[in-house]
Amino acid sequence: MQLGNRLSGKVAIVTGAASGIGFETALLFAREDAKVVCADLNDKGANDTVQKITSLFGPDRAIAVKVDVSKEEQVEAMVQQAVTTFGKLDIMFNNAGIMHPADDNALNTEEKIWNLTMDINVKGVWFGCKHAILAMRKSGGGSIINTASFVALMGAATPQLAYTASKGAVLAMTRELAMVHARENIRFNSLCPGPIRTPLLMDFLNTEEKKQRRLVHVPQGRFGEAIEQANGALFLASDESSFVTGTDFRVDGGLSNAYVTPE
Ligand code: NAD
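Here goes a summary of the coordinates provided. These figures come from a predicted structure and were not determined experimentally. (Residues numbered from 1 in each chain as written. Predicted model: local features only at pLDDT ≥ 70, side-chain atom pairs only at ≥ 80, totals over all residues. Heavy atoms only, no water.)

1. Details of the site of the ligand
Then, in step 1: As a structural note, the neighbourhood of the ligand is formed by 29 residues, with Ser 19, Asp 40, Tyr 163, Ile 196 and Thr 198 the closest of them.
Then, in step 2: For the ligand, an oxygen atom lies 2.9 Å from a polar atom in the side chain of Lys 167.
Then, in step 3: Here an oxygen atom of the ligand and a side-chain polar atom of Thr 198 are 2.5 Å apart.
Then, in step 4: Taking 830 Å² as the accessible area of the ligand by itself, protein coverage stands at 92%.
Then, in step 5: Of all the secondary-structure elements, those providing two or more residues to the shell around the ligand are α1 (20–31), α5 (161–180) and α6 (199–204).
Then, in step 6: It is α6 that contributes the most residues to the shell around the ligand, three residues altogether.
Then, in step 7: Among the residues forming the shell around the ligand, the class breakdown is 16 nonpolar, 10 polar and three charged. (Near = heavy atom within 4 Å. Polar contact = N/O pair within 3.5 Å; in protein donor to acceptor, adjacent residues only side chain to side chain. Areas by Shrake-Rupley, 256 points an atom, 1.4 Å probe, with all protein chains shown as cover. Helix = DSSP H or I, 4+ residues; strand = E, 2+ residues; numbered from the N terminus. Nonpolar A, V, L, I, M, F, W, Y, C, P; charged D, E, K, R; others polar.)

2. Re the sheet that holds strand β5 (residues 142–147)
Then, in step 1: Reading across the sheet, the seven strands line up as β3-β2-β1-β4-β5-β6-β7 and stay open at both edges, with parallel pairing between neighbours. Every interior strand has two partners, whereas the edge strands, β3 (62–66) and β7 (248–251), have only one. Within this sheet the neighbouring strands show an average axis-to-axis angle of 20°, counted without direction.
Then, in step 2: Summarising the sheet, strand β2 (residues 35–40) and β3 pair through five bridges and their orientation is parallel. (Pairing = 2+ DSSP bridges. Axes fitted to C-alpha atoms, helices over the stretch in contact; angles between N-to-C directions.)

3. Considering the pattern of salt bridges
Then, in step 1: For the structure on display, the rule yields 14 salt bridges.
Then, in step 2: Of the charged contacts in the structure, one is a salt bridge between Arg 6 and Glu 240, with a shortest N-O distance of 2.8 Å. A residue pair is termed long-range when its members are at least 10 positions apart, and Arg 6 in the segment before β1 (11–15) and Glu 240 in the loop between α8 (226–237) and β7 qualify at 234 residues.
Then, in step 3: For Arg 6, a relative accessible area of 34% translates into the label partly exposed.
Then, in step 4: Arg 137 is paired through a salt bridge with Glu 184; the nearest N and O atoms lie 2.5 Å apart. Of the two residues, Arg 137 sits in helix α4 (residues 111–139) while Glu 184 sits in the loop between α5 and β6 (186–193), which places them 47 residues apart along the sequence.
Then, in step 5: Assessed through its relative accessible area of 27%, Glu 184 is described here as partly exposed. (Salt bridge = Lys/Arg side-chain N within 4 Å of Asp/Glu carboxyl O. Buried < 20%, exposed > 50% of the residue type's maximum accessible area, 1.4 Å probe, protein only.)

4. Concerning the nonpolar core
Then, in step 1: In this structure, Ile 13, Met 78, Leu 89, Met 92, Ile 144 and Phe 188 are the most contacted members of the largest nonpolar core, which totals 36 residues.
Then, in step 2: Going through the elements one at a time, β1, β2, β3, α3 (72–86), α4, α5 and β6 are the ones with two or more residues in this core.
Then, in step 3: When residues in this core are grouped by element, the largest group, 10 residues, is from α4.
Then, in step 4: Not counting residues up to four positions away in its chain, the partners in contact with Met 78 are Ile 13, Thr 15, Ala 39, Val 65, Val 67 and Met 92.
Then, in step 5: Of all hydrophobic cores here, the second largest spans 29 residues; its members include Val 50, Phe 57, Ala 237 and Val 251. (Core = buried A, V, L, I, M, F, W, Y, C linked by side-chain atoms within 4.5 Å. Contact = heavy atoms within 4.5 Å.)

5. Observations concerning α3
Then, in step 1: Here α3 spans 21 Å end to end across 15 residues, near enough to the 21 Å set by a 1.5 Å rise per residue.
Then, in step 2: Here α3 has its buried residues at Val 75, Met 78, Val 79, Ala 82 and Phe 86. Burial along α3 is one-sided: seen end-on, the buried residues are contained in an arc of 90°. Residues of α3 that are exposed and point more than 90 degrees away from the buried face comprise Glu 73 and Thr 84.
Then, in step 3: Gly 87 sits one or two residues past α3 and shows a positive phi near 95°. (Expected span 1.5 Å × (residues − 1). Arc of directions from axis to C-beta.)

6. Section: the side chain of Arg 187
Then, in step 1: Checked against the element boundaries, Arg 187 lands in strand β6.
Then, in step 2: Here Arg 187 sits buried without a salt bridge, and the closest side chain of opposite charge, Asp 239, lies 5.2 Å off (N-O distance).
Then, in step 3: Engagement of the side chain of Arg 187 in a polar contact is seen with the backbone oxygen of Ser 241, the distance being 2.8 Å.
Then, in step 4: Those residues in contact with Arg 187, other than ones at most four positions away along the chain, are Gly 142, Ser 143, Ile 144, Leu 236, Ala 237, Ser 238, Ser 241, Ser 242, Val 244 and Thr 245. (Lys, Arg positive; Asp, Glu negative; His and termini not counted.)

These figures capture arrangement, not role.
Right under this line is the structure:
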C-alpha cells in the first residue's frame with residue numbers, strides 16, 4: 001500500500017487501538033508515516049494491530065502497549081514508552097472508551113457501572129491529557145484528540161446515563177484544556193462520532209428494530225464507518241488543522257443538525 005506523508009516525523013499514541021475507530025486510526029496514522037503506539041487493555045488486539053501495520057507498511061513503525069487508561073501509573077508508563085522508543089510525543093488520541101450494557105436510566109443504572117464508565121471514559125481521558133501535556137512541553141507542542149460522542153451534544157431517547165454524562169465531561173474538559181494550553185502550542189479537540197458500525201455500538205443495537213430506530217435520525221441514512229472517524233482524527237492530528245483548537249469536531253452524517261422524521 002502507498003505511504004502518505006501527512007504525519008511524517010510525528011509520534012502518535014492511539015488508545016483503544018485494538019478495535020473499531022482506534023484500529024482504523026492506528027493504521028491510517030502509520031500509513032501517513034507517523035510512528036504509532038498502539039495502546040489497549042486488550043494486548044493481543046493491540047499486538048494484532050501492530051502486526052497489520054508491519055505487514056502493510058513495513059517494520060519499526062509501531063509498538064503495542066497494554067494499558068488500562070483508568071490507571072494513572074499505566075498511562076504514565078505508556079507515554080514514557082512512546083518517548084523511550086520513538087524519542088518524543090506529538091499526537092495523543094484518547095479514544096478508548098466503553099458503553100456498558102448495564103448502563104441505563106437514572107433509576108436502573110448501578111453506581112458501580114456509573115463509576116466504571118467515568119473511570120475509563122473521563123478519568124482515562126484526563127490521565128492521557130495530563131501525561132501527554134508533560135511530554136509535549138518537551139517537544140514544543142502537539143495535538144490531543146479526545147473521543148466524545150454525538151450524545152454529548154443532543155439528547156438520546158435510549159437511556160445510557162453514565163455514558164452520556166461521561167461524553168459531556170469529555171467535551172467540557174477538552175474545551176477548557178484547549179484554552180489553558182493554547183499558548184503552549186498544544187491543541188485539543190474533541191472528535192464527536194455519530195453512530196458507527198463498530199462492535200461497541202452493534203453489540204448494543206443488536207436487533208434490526210433497534211438499528212432502524214437510530215437510522216431514522218441520520219440524514220445520510222446509514223451508520224458511519226470507523227475509517228470515516230479515522231479521517232477526522234487524521235485532520236485534527238496533522239498540521240493541516242494548525243489553527244483548529246477547542247472544537248467539538250463532528251463526524252456524524254449530519255445527525256446533530258438534523259430535523260428528520262420517518263417517511
Ligand atoms: P470498540 O469497542 O470497537 O473499541 C474500543 C477499544 O477500547 C477496545 O479495543 C477496548 O479493548 C478498548 N478499551 C476499553 N476499555 C479500555 C481501558 N480501560 N483501557 C484501554 N483500552 C480500553 O469501540 P469504538 O466504537 O471504536 O469506540 C471508540 C471510541 O469512540 C469510544 O470512546 C466510544 O465511546 C466512541 N464512540 C463510538 C461510537 C460508535 O458508534 N461506535 C459513537 C460515538 C462515540
